Amino acid sequence: MAAPDEATTVLDAAPGVDSAIAVSRALFRSAPVVLVATEADRAGIAEAATLGTEIGAPVLLYPHREGPQRTAWQRELGRLAPGTVLAVGAAAAASVRESVRESVRASEAGVSVRTVGPDDRAAAADIPAVKPRPVELTLLVARSRDDAAAVATARAAGAEVVTVSGADPRADAKAIAALRAAPTRTVLALGSEFGPPARLENRLATAAHGAQLPGGGQVVLAGRRIVCLYGHPGTRSLGVLGEQGIDASIARAKRMAGAYRPFSDVPVVPAFEIIATVAQGAPGPDGDFSGESSVGELRPWVDKARKAGLYVVLDLQPGRSDLLRQARRYEPLLRLPHVGLAVDPEWKLGPRQRPLGQIGGIEAAELNRTSAWLAGLTARHTLPQKLFVIHQFRLSMIRHEAALNTSHDELSLLIHMDGQGSTGQKNSTWRSVVAARPRNLPLGWKNFYDEDHPMLTPRQTMAKRPTPVMISYQ
């Protein structure tokens with residue numbers, strides 16, 4: 001038996017013939033018995049997979065066409081140097097039998113090629129179980145792939161097999177549970193979509209040890225929609241979150257999320273977007289025109305939201321302060337798995353600017369410094385992915401927007417359209433924001449109770465294209 005030298009290995013192999021060869025090569029140094037079925041014979045593949053798992057033998061698929069695949073198949077069969085080859089189902093054809101003999105001709109004198117037909121399984125009954133010493137390994141395979149032979153080979157080697165919906169185990173609650181139930185130091189991932197290996201290794205660490213988000217999984221926008229109340233606790237003028245206490249706000253957020261469920265093809269998660277730093281008309285003791293709530297003031301809202309299954313976004317109105325400096329203030333809360341970060345560039349001021357004197361703006365470079373810090377914090381504490389929201393209703397609010405760093409795997413970056421007014425005005429703003437966003441970032445939409453004329457219904461909001469994945473109410 002063999003196991004990859006690296007803790008995490010990604011096999012760049014297409015489903016079928018290629019993946020069967022790749023897993024065999026990765027897990028078997030040799031094999032006294034090898035099973036072969038033809039690539040298009042589904043019944044034969046299923047039978048070979050069952051037999052291979054039972055006796056501990058690798059399963060290879062015979063390619064129909066001559067060419068590189070056929071050559072690779074012959075080389076792998078020759079490398080395994082079996083004493084017995086079981087040709088299963090349609091693989092019993094004479095041409096396949098001859099190809100098997102050619103592949104192992106170096107030891108042909110000792111090779112037995114047997115045929116196992118659909119009614120002829122007794123032909124394999126006297127083949128002794130090989131049952132090699134199991135490898136301590138987990139095979140990751142996407143549910144969308146047809147890798148029956150490769151999976152059977154992994155199981156024959158004693159590996160655990162974990163199927164994943166998509167290529168990110170953090171996004172699949174079932175995969176997370178399976179990885180936690182069978183922890184292992186070595187992982188083999190089948191398909192280049194799982195790579196690169198370093199990124200997958202970090203994702204696996206989160207899946208195995210990190211908490212899950214409200215709604216399940218560890219990828220914040222994968223398979224879910226967020227509907228939130230926006231505002232500052234106890235201050236009615238700053239949004240609907242301040243119109244009632246914690247318990248009533250939780251109930252209201254849940255009702256609002258429920259109103260979207262009939263129109264959403266994914267689960268809807270209720271949330272709070274809490275204004276943590278509020279732009280102020282006076283400079284304040286630190287001269288930054290931004291009043292900062294303490295961690296202690298916000299913690300009861302954050303903790304009760306978690307217990308009630310709500311996500312929380314902390315919103316910053318930085319004034320003249322550096323964005324990263326303000327974000328660091330809330331590190332104790334951002335270390336929690338259900339807490340993300342937002343920035344309101346409208347309130348980001350230059351050295352001589354004051355709130356309400358102009359619409360502010362922020363450089364992509366300052367946003368990138370903050371997102372890099374947040375991604376690093378998330379990685380260090382093995383946290384699920386965090387939402388990083390940038391509000392926008394004028395393109396000037398995000399300067400050099402195309403330079404935004406969208407590559408942090410620990411974050412989901414979202415542009416949130418905050419325009420208000422008539423439906424026509426909001427639609428115009430929406431089109432501008434959609435067109436300017438880099439690399440098709442996901443989008444959010446805000447509904448205003450007092451400033452929108454009229455405020456859209458959940459059905460109308462969900463009719464926007466692209467469909468918003470975060471909807472907030474102010």
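Structure report, in brief. (Residues numbered from 1 in each chain as written. Predicted model: local features only at pLDDT ≥ 70, side-chain atom pairs only at ≥ 80, totals over all residues. Heavy atoms only, no water.)

**Here we look at the overall build of the chain**
Logical step 1: Summing up its helical and strand segments, the chain has 14 helices and 19 strands in all.
Logical step 2: Taken over C-alpha atoms, the radius of gyration comes to 29 Å for the chain, far larger than the 23 Å a tight globule of 474 residues would show.
Logical step 3: For the chain, the proportion of its 474 residues judged to be buried stands at 55%.
Logical step 4: Accessible surface computed for the chain: about 19,600 Å², of which carbon and sulfur atoms make up 51%.
Logical step 5: Side chains of the chain give 55 positive and 47 negative charges; the mean places of these two sets differ by 4 Å. (Helix = DSSP H or I, 4+ residues; strand = E, 2+ residues; numbered from the N terminus. Rg over C-alpha atoms; globule rule 2.2 N^0.38 Å. Buried < 20%, exposed > 50% of the residue type's maximum accessible area, 1.4 Å probe, protein only. Areas by Shrake-Rupley, 256 points an atom, 1.4 Å probe, with all protein chains shown as cover. Lys, Arg positive; Asp, Glu negative; His and termini not counted. Charge placed at Lys NZ, Arg CZ, Asp CG, Glu CD.)

**Some points on the environment of L443**
Logical step 1: Residue position: L443 is located in strand β18 (residues 443-447).
Logical step 2: Spatially, the C-alpha atoms of L443 and S192 are 28 Å apart, while their sequence positions differ by 251 residues.
Logical step 3: L443 has contacts with L414, I415, W430, V433, V434, R437, P466, P468, V469 and M470, leaving out every residue within four places of it along the chain. (Contact = heavy atoms within 4.5 Å.)

**Some points on the sheet that holds strand β8 (residues 187-190)**
Logical step 1: Taken together, the four strands give an open sheet; going across it, the order is β1-β8-β6-β7, and neighbouring strands pair in parallel fashion. Lying at the two open borders of the sheet, with one neighbouring strand each, are β1 (8-11) and β7 (160-164). Strand-to-strand twist across the sheet, computed as the mean angle between neighbouring axes with direction ignored, equals 20 degrees.
Logical step 2: Summarising the sheet, strand β6 (residues 138-142) and β7 pair through five bridges and their orientation is parallel. Bridged to V141 within β7 is T163.
Logical step 3: Lying over the sheet, helix α1 (residues 17-27) contacts β1 and β8, oriented at roughly 165 degrees with respect to β8.
Logical step 4: Contacting β6 and β7, helix α6 (residues 173-181) runs over the sheet at an angle of about 160 degrees to β7. (Pairing = 2+ DSSP bridges. Axes fitted to C-alpha atoms, helices over the stretch in contact; angles between N-to-C directions.)

**A closer look at the nonpolar core**
Logical step 1: Within the largest apolar cluster, 57 residues are counted, with the highest numbers of intra-cluster contacts made by F272, L314, Y330, L334 and L367.
Logical step 2: Not counting chain neighbours up to four residues away, the residues in contact with Y330 comprise A276, T277, E292, S293, V295, L298, L314 and L316. (Core = buried A, V, L, I, M, F, W, Y, C linked by side-chain atoms within 4.5 Å.)

**Regarding the sheet that holds strand β2 (residues 33-38)**
Logical step 1: Sheet architecture is open: four strands sit in the order β3-β2-β4-β5, paired in parallel fashion. For this open sheet the edge positions go to β3 (59-62) and β5 (112-116), each flanked by a neighbour on one side alone. Along the sheet, successive strands turn relative to each other by an average axial angle of 25 degrees, direction set aside.
Logical step 2: Where strand β4 (residues 84-88) meets β5, five bridges bridge the pair, whose relative direction is parallel. What sits directly across from L86, in β5, is R114.

**Considerations on the packing of helix α2 (residues 42-55) against helix α5 (residues 148-156)**
Logical step 1: Contact geometry of α2 with α5 gives a least axis separation of 8 Å together with a crossing angle of 10 degrees. Judged on the interaxial angle alone, α5 and α2 are roughly parallel. Together, I45, A49, G52 and T53 of α2 and A148, A149, A152, R155 and A156 of α5 make up the contact between the two elements.
Logical step 2: Looking at the contact of α2 with α5, its residues break down into six nonpolar, two polar and one charged. (Parallel < 35°, antiparallel > 145°, perpendicular 65-115°, else oblique. Nonpolar A, V, L, I, M, F, W, Y, C, P; charged D, E, K, R; others polar.)

**Focus: the packing of α6 against helix α7 (residues 197-209)**
Logical step 1: At a minimum axis separation of 8 Å, α6 and α7 run at an interaxial angle of 80 degrees. Relative to α7, the element α6 lies roughly perpendicular. Facing I176, L179 and R180 of α6, the residues of α7 in contact are L204, T206, A207, A208 and H209.

**Comments concerning α7**
Logical step 1: Spanning 13 residues, α7 covers 18 Å between terminal C-alpha atoms, matching the ideal 18 Å at 1.5 Å per step.
Logical step 2: Residues L200, R203, L204, T206 and A207 constitute the buried set of α7. Down the axis of α7, the buried set is contained in an arc of 160 degrees. They therefore lie on one face. Relative to its buried face, α7 has exposed residues pointing more than 90 degrees away, namely A198 and H209.
Logical step 3: On its buried face, α7 is in contact with β1, β6, α6 and β8. (Expected span 1.5 Å × (residues − 1). Arc of directions from axis to C-beta.)

Function cannot be inferred from these measures alone, as they are strictly geometric.
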